[in-house]
Amino acid sequence: QVQLVESGGGFVQPGGSLRLSCAASSFWVNVMGWYRQAPGKQRELVATITRAGRTNYADSVKDRFTISRDNAKNTVYLQMNSLKPEDTAVYYCNVNGPMGSWGQGTQVTVSS
(Lines give C-alpha, C1' and ligand atoms only; values in the text may rest on other atoms or scores of the structure.)
Protein backbone atom coordinates (compact mmCIF):
# COMPACT_ATOMS: atom_id res chain seq x y z
CA GLN A 1 0.00 0.00 0.00
CA VAL A 2 1.27 3.42 -0.98
CA GLN A 3 -0.07 6.53 0.68
CA LEU A 4 -0.39 9.64 -1.46
CA VAL A 5 -0.50 13.26 -0.40
CA GLU A 6 -2.16 15.41 -3.03
CA SER A 7 -2.45 19.16 -3.39
CA GLY A 8 -2.97 21.97 -5.87
CA GLY A 9 -6.63 21.82 -6.74
CA GLY A 10 -8.83 24.86 -6.68
CA PHE A 11 -11.01 27.24 -8.60
CA VAL A 12 -9.76 28.84 -11.79
CA GLN A 13 -11.24 30.79 -14.67
CA PRO A 14 -11.24 29.40 -18.20
CA GLY A 15 -7.84 29.84 -19.78
CA GLY A 16 -6.11 29.75 -16.44
CA SER A 17 -3.60 27.31 -15.04
CA LEU A 18 -3.16 25.04 -12.06
CA ARG A 19 -0.47 22.64 -10.98
CA LEU A 20 -1.31 19.52 -9.06
CA SER A 21 1.24 17.63 -7.05
CA CYS A 22 1.24 14.26 -5.34
CA ALA A 23 3.90 12.71 -3.15
CA ALA A 24 4.03 8.97 -2.59
CA SER A 25 5.14 7.37 0.65
CA SER A 26 7.20 4.71 -1.10
CA PHE A 27 10.07 4.70 -3.55
CA TRP A 28 8.86 1.37 -4.95
CA VAL A 29 6.85 3.03 -7.67
CA ASN A 30 6.91 2.34 -11.39
CA VAL A 31 4.01 4.23 -12.94
CA MET A 32 2.47 7.38 -11.51
CA GLY A 33 -0.41 9.26 -12.99
CA TRP A 34 -3.55 11.29 -12.76
CA TYR A 35 -7.16 10.36 -13.30
CA ARG A 36 -10.24 12.51 -13.06
CA GLN A 37 -13.92 12.08 -12.51
CA ALA A 38 -16.42 14.70 -13.57
CA PRO A 39 -19.94 14.84 -12.13
CA GLY A 40 -22.06 12.07 -13.59
CA LYS A 41 -19.17 10.52 -15.47
CA GLN A 42 -16.81 7.60 -15.03
CA ARG A 43 -13.29 8.07 -13.81
CA GLU A 44 -10.95 8.52 -16.73
CA LEU A 45 -7.24 8.53 -17.34
CA VAL A 46 -5.66 11.94 -17.72
CA ALA A 47 -1.95 11.21 -17.92
CA THR A 48 0.66 8.73 -16.79
CA ILE A 49 4.41 8.71 -16.53
CA THR A 50 6.81 5.84 -16.01
CA ARG A 51 9.95 5.88 -13.93
CA ALA A 52 11.90 6.18 -17.18
CA GLY A 53 9.90 9.24 -18.19
CA ARG A 54 7.56 7.78 -20.77
CA THR A 55 4.33 9.76 -20.83
CA ASN A 56 0.82 9.15 -22.07
CA TYR A 57 -2.06 11.60 -22.23
CA ALA A 58 -5.74 11.52 -22.84
CA ASP A 59 -6.54 13.12 -26.17
CA SER A 60 -8.65 15.73 -24.42
CA VAL A 61 -5.67 17.15 -22.54
CA LYS A 62 -2.81 16.73 -24.98
CA ASP A 63 -0.88 19.94 -25.62
CA ARG A 64 -2.49 21.57 -22.59
CA PHE A 65 -1.44 19.38 -19.67
CA THR A 66 2.05 18.20 -18.81
CA ILE A 67 2.84 15.39 -16.41
CA SER A 68 6.23 15.23 -14.76
CA ARG A 69 7.90 13.22 -12.05
CA ASP A 70 10.60 13.65 -9.46
CA ASN A 71 11.85 10.15 -8.77
CA ALA A 72 13.94 11.22 -5.79
CA LYS A 73 10.82 12.54 -4.09
CA ASN A 74 8.44 9.97 -5.58
CA THR A 75 6.32 12.94 -6.56
CA VAL A 76 4.21 13.43 -9.64
CA TYR A 77 2.99 16.75 -10.98
CA LEU A 78 0.33 17.77 -13.42
CA GLN A 79 0.69 21.20 -14.96
CA MET A 80 -2.65 22.21 -16.40
CA ASN A 81 -2.75 25.13 -18.80
CA SER A 82 -5.50 26.62 -20.93
CA LEU A 83 -8.08 25.12 -18.66
CA LYS A 84 -11.59 24.65 -19.94
CA PRO A 85 -14.88 24.23 -18.08
CA GLU A 86 -14.95 20.62 -19.24
CA ASP A 87 -11.78 20.02 -17.23
CA THR A 88 -13.83 20.43 -14.08
CA ALA A 89 -13.53 17.22 -12.10
CA VAL A 90 -12.09 15.60 -9.04
CA TYR A 91 -8.52 14.73 -9.89
CA TYR A 92 -6.96 11.63 -8.36
CA CYS A 93 -3.31 10.82 -8.04
CA ASN A 94 -2.50 7.21 -8.80
CA VAL A 95 0.48 4.90 -8.55
CA ASN A 96 0.86 1.63 -10.41
CA GLY A 97 -2.43 1.76 -12.26
CA PRO A 98 -6.08 1.37 -11.31
CA MET A 99 -5.36 -1.58 -9.02
CA GLY A 100 -2.63 0.32 -7.25
CA SER A 101 -2.95 3.18 -4.79
CA TRP A 102 -5.01 6.35 -4.98
CA GLY A 103 -4.91 9.78 -3.50
CA GLN A 104 -7.89 11.32 -1.76
CA GLY A 105 -8.81 13.42 -4.78
CA THR A 106 -8.65 17.16 -5.25
CA GLN A 107 -11.36 19.29 -6.80
CA VAL A 108 -10.56 21.33 -9.88
CA THR A 109 -13.26 23.74 -10.93
CA VAL A 110 -12.95 25.77 -14.11
CA SER A 111 -15.62 28.42 -14.35
CA SER A 112 -16.15 32.11 -14.85
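Up top you'll find the structure we're talking about.
Below you will find a few notes about this structure. All figures in this text were calculated on a predicted structure; none of them were measured in a lab. (Residues numbered from 1 in each chain as written. Predicted model: local features only at pLDDT ≥ 70, side-chain atom pairs only at ≥ 80, totals over all residues. Heavy atoms only, no water.)

The subject of this paragraph is the nonpolar core. Most often, soluble globular proteins keep nonpolar side chains buried together rather than apart. Residues W34, V46, F65, V76, L78, M80 and Y91 are the most contacted members of the largest nonpolar core, which totals 28 residues. Contributions of two or more residues to this core are made by β3 (18-24), β4 (31-37), β5 (44-50), β7 (65-70), β8 (75-80), β9 (89-95) and β11 (106-110). (Core = buried A, V, L, I, M, F, W, Y, C linked by side-chain atoms within 4.5 Å. Buried < 20%, exposed > 50% of the residue type's maximum accessible area, 1.4 Å probe, protein only. Helix = DSSP H or I, 4+ residues; strand = E, 2+ residues; numbered from the N terminus.)

You can see N94 is positioned in strand β9. At 2.6 Å, the side chain of N94 forms a polar contact with the backbone oxygen of G97. Sequence-distant contacts of N94, defined by excluding residues within four places in its chain, comprise L4, V31, M32, G33, Y35, S101 and W102. (Polar contact = N/O pair within 3.5 Å; in protein donor to acceptor, adjacent residues only side chain to side chain. Contact = heavy atoms within 4.5 Å.)

Checked against the element boundaries, E6 lands in strand β1 (residues 4-7). As a buried residue without a salt bridge, E6 has its nearest oppositely charged side chain in R43, at a separation of 9.2 Å. Within the structure, E6 has its side chain in polar contact with the backbone nitrogen of T106 (distance 3.1 Å). Aside from chain neighbours lying at most four places away, what touches E6 is S21, C22, W34, Y91, Y92, C93, Q104, G105 and T106. (Lys, Arg positive; Asp, Glu negative; His and termini not counted. Salt bridge = Lys/Arg side-chain N within 4 Å of Asp/Glu carboxyl O.)

Under the definition given, this model contains two aromatic pairs. Look at Y35 and W102: their rings are 4.9 Å apart centre to centre, the planes differ by 65 degrees, and that puts the pair in the edge-to-face class. Of the two residues, Y35 is situated in strand β4 and W102 in strand β10 (residues 101-102); the sequence distance between them amounts to 67 residues. Under the relative-accessibility criterion, Y35 is labelled buried at 11%. Clustering of aromatic rings is evident, with ring pairs tying together Y35, Y92 and W102. Above the ring of W102, the side-chain terminus of R43 is found at 4.7 Å from the ring centroid. (Phe/Tyr/Trp six-rings, centres within 6.5 Å; stacked < 30°, edge-to-face > 60°. Lys NZ or Arg CZ within 6 Å of the ring centre and 35° of its normal.)

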